[in-house]
Amino acid sequence: MSPEGAPPGVVERLRTRLGREGVESVHVVEAGHVRRFCEAIGDGDPRWREQAPPTFVVALGAETPELPEALEYGQGWLNGGDRFEYLEPVRVGDTIRVRSRLVDAYEKRGRSGDLLFLVFETEYVNQHGRVAVRVRGTRIRR
Amino acid sequence: MSGPELRPGLELPELVKHPTTRQLVQYAGASGDFYEIHYDQEFARSAGLPGVVLHGLLKAAFLAQVVTSWAGERGRLTGLEVSYRGLDLPGRPLRCRGVVKAVEGERVELELWTEDPEGRRTTVGGATLELRGLGRDRPEEDEAWPPSSTT
C-alpha cells in the first residue's frame, strides 16, 4: 500500500496529530518585501504599493507543525493545492500573527504509486485581532 | 465605451507568462520557499522531475493576477482556490485564463486555469468576487465590464 520502504502505520500516527499547531510567528508587512514579491510574480499593479497582492501572505513564512513521521513516507514533497479565504485586506505596515495547524492526513493510490496527503490550515491574524486571510494548503509526500 | 456584459461565459483577458529560471529564483527568495526542485536542476532530476519546475504558488499568484487586473477596484476578491494538476517548466509560455461561471447579485464566481503549450490545464481552480458599487438600481445588462472609469 505505502511506497516501498515506508514504515507501516505512518498515516495512523499522523492522524493522532490532527490539530497539532506549529510555532506562532509575528511579522510586519514590509513595503520592500511586498515589492520584491510583486517583482517575482510579475505583477506591477500600483495598488500593491499599499496593499499586499492576494497570495503574498504565504511569503510571511508559516511554521507548520513538526511532523517527522511524514518524512518517513516517500521521497519528496509535491504541492497539491491551496485555498485562500479573504476576510480583511493585508496592508503594508500591518502586523500579522501566523499560526498553522494540521487538519487532515490521508493516503491515496496514485498512478505512479501511493501518496500521502497532509492538509494544513493557516490563519493570518492582523493587529486588530481579526483573521485577515485563511489558507488551506494540501501538501503531498510521494 | 461599451464592453461585454458581465454574465456566465464571459472570458477574462488572458495573461501569458514567460517564466524563466531567474523568475523561479526570484520567487524562491521573495516567498521563502527554498525547496531545491525549483532552482537546482540536478536535485530536480534526482527527484524524478524533468528539470526545475514552477512553484505551485507562483501559478496561484498568476491566476490571482488574472482576476485582480480584470476586476480592478470594482470587485473584492473573497476566495481563491487552486489545484496543481501538472508540472510546468521554465522556458515554456504559460497561458493564465479565466471565465465567468455565475453572477448572483453582487457575487461573481470565476473559473480559472493555467494552460501549457500543449493545451493541458496544469492548474485548475476558481475565485469568488464581491462587486462594489454595482447595486440592483443599476441594471446589470447595461453594464460594460469592467465598467469604464475613464469616461
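These figures come from a predicted structure and were not determined experimentally.

Enquirer: It is not clear to me how the overall build of chain B should be interpreted in this structure. Could you clarify?
Expert: Across its full length, chain B carries three helices and five strands. Seen in sequence order, chain B has helices and strands lined up from the N terminus as β-α-α-α-β-β-β-β. Scored against the burial criterion, the 151 residues of chain B give a buried share of 35%. When contacts within chain B are restricted to residue pairs at least 6 apart in sequence, those whose partners lie at least 24 apart make up 65%.

Enquirer: Would you take a moment to explain the overall build of chain A for this structure?
Expert: What chain A contains, in helices and strands, is three helices and five strands. In terms of overall dimensions, chain A has a C-alpha envelope of 50 × 30 × 20 Å along the principal axes. Counting only residues that meet the buried cut, chain A has 35% of its 142 residues in that class. A separation of at least 24 residues holds for 76% of the contacts in chain A among residues at least 6 apart in sequence.

Enquirer: Please explain the nonpolar core as it appears in this structure.
Expert: Within soluble globular proteins, side chains that are nonpolar tend to cluster in buried spots. V57 and V90 of chain A are the most contacted members of the largest nonpolar core, which totals 58 residues. Looking at which element gives the most residues to this core, the answer is helix 3 (residues 56-71) of chain B, with 11 residues. Apart from residues lying up to four places away in sequence, V90 of chain A is in contact with V29, Q51, A52, F56, V57, I96, Y124, A132 and V133 of chain A. One finds Y73, A105, L116 and L118 of chain A within the second-largest nonpolar core, a separate group that totals 12 residues.

Enquirer: Looking at this structure, I do not really get the pairing of strand 4 (residues 107-115) of chain B. What am I missing?
Expert: Within a regular strand, the side chains alternate between the two sheet faces. Residues and elements named next belong to chain B. Note that strand 3 (residues 94-104) and strand 4 share nine bridges and pair antiparallel. Looking at the pairing, R97 lines up with W113 of strand 4. Linking strand 3 back to strand 4 in an antiparallel pair, the connection comprises two residues, with G105 at a positive phi of about 60°. Bridging between strand 4 and strand 5 (residues 121-131) involves nine bridges; their strand directions are antiparallel. The residue bridging T114 from the neighbouring strand is T123, located in strand 5. Where strand 4 folds back on strand 5, the antiparallel hairpin that results is connected by five residues, among which G119 adopts a positive phi of roughly 85°.

Enquirer: Please clarify how the interface of chain B and chain A should be interpreted in this entry.
Expert: Frequently, the measure chosen for interface size is the accessible area removed from exposure when the parts meet. Between chain B and chain A, the contact holds 27 residues from the first and 25 residues from the second. For the side of chain B that touches chain A, the elements supplying multiple residues, two or more each, are helix 1 (21-31), helix 3 and strand 2 (75-84) of chain B. Pairing analysis gives five bridges linking strand 2 (residues 77-86) of chain A to strand 2 of chain B, with the strands arranged antiparallel. Looking at strand 2 of chain B, one finds that G81 of chain A is bridged to S83 of chain B.

Enquirer: How should helix 1 of chain B be read in this particular structure?
Expert: One turn of the α-helix equals 3.6 residues, which is why residues spaced by three or four share an orientation. All buried positions along helix 1 of chain B are accounted for by L24, Y27, A30 and S31 of chain B. Buried residues in helix 1 of chain B, looked at end-on, bunch into an arc of 135°, giving them a common side. Buried residues along helix 1 of chain B sit against helix 2 (31-41) of chain A together with helix 3 of chain B. Positive phi appears at G32 of chain B, one or two residues downstream of helix 1 of chain B, with a value of about 80°.

Enquirer: Would you take a moment to explain the sheet that holds strand 4 (residues 113-125) of chain A for this structure?
Expert: What links the strands of a sheet is backbone hydrogen bonding, and the strands pair in either a parallel or an antiparallel sense. Strand order in the open sheet formed by 10 strands is 1(A)-3(A)-4(A)-5(A)-2(A)-2(B)-5(B)-4(B)-3(B)-1(B), with antiparallel pairing between adjacent strands. Of all the strands in the sheet, just strand 1 (25-28) of chain A together with strand 1 (15-17) of chain B have a single pairing partner and so form its edges. Mean inter-strand twist for the sheet, computed between neighbouring axes without regard to direction, equals 25°. Here helix 3 of chain B sits on the sheet in contact with strand 2 of chain A together with strand 1, strand 2, strand 3, strand 4 and strand 5 of chain B, set at roughly 150° to strand 2 of chain B.

Enquirer: Would you mind going over the confidence of the model for chain B with me for this structure?
Expert: Regions with low pLDDT carry predicted coordinates that are not meant to be interpreted in detail. Residue and element names in this part refer to chain B. Looking at chain B as a whole, its pLDDT mean stands at 90, while 85% of the residues score no less than 70. Contacts from residues 135-142, a stretch scored under 50 in pLDDT, to residues over four places away or in other chains number three contacts. Predicted complex metrics record ipTM = 0.92 and pTM = 0.90.

Enquirer: Would you explain the confidence of the model for chain A in this entry?
Expert: Residues at a pLDDT of 70 or more form 96% of chain A, whose mean pLDDT is 93. Between the elements of chain A, mean pLDDT differs from a low of 90, seen in helix 3 (residues 68-71) of chain A, to a high of 98, seen in helix 2 of chain A.

Parameters at a glance
Residue indices follow the written sequence of each chain, beginning from 1 at its first position. Chains and ligands are labelled by the order in which they are written, letters from A for the one and numbers from 1 for the other. Owing to the predicted nature of the model, reporting of local features is limited to residues with pLDDT of at least 70; listing and counting of side-chain atom pairs is limited to 80 or more, with chain, interface and lining totals taken over all residues. Helix and strand labels come from DSSP, where a helix needs a run of H or I of at least four residues and a strand needs a run of E of at least two; each type is numbered from the N terminus. Burial in this document is a count-based property: other C-beta atoms within 10 Å of a residue's C-beta are tallied, and the residue is buried at 20 or more, exposed at 12 or fewer, or partly exposed in between, with C-beta positions derived from the backbone. By definition, residues are in contact whenever their C-beta atoms, placed on the basis of the backbone, come within 7 Å of each other. For the purposes of this analysis, a nonpolar core is taken to be any set of buried Ala, Val, Leu, Ile, Met, Phe, Trp, Tyr and Cys residues that are connected through C-beta atoms within 7 Å. Any two strands with at least two DSSP bridges between them are considered paired. Along the arc lie the directions from the helix axis toward the C-beta atoms. Angles run from 0 to 180 degrees between N-to-C directions of axes, and those axes are lines fitted to C-alpha atoms, restricted for helices to the stretch in contact. As a per-residue measure, pLDDT reflects the predictor's confidence and takes values from 0 up to 100.

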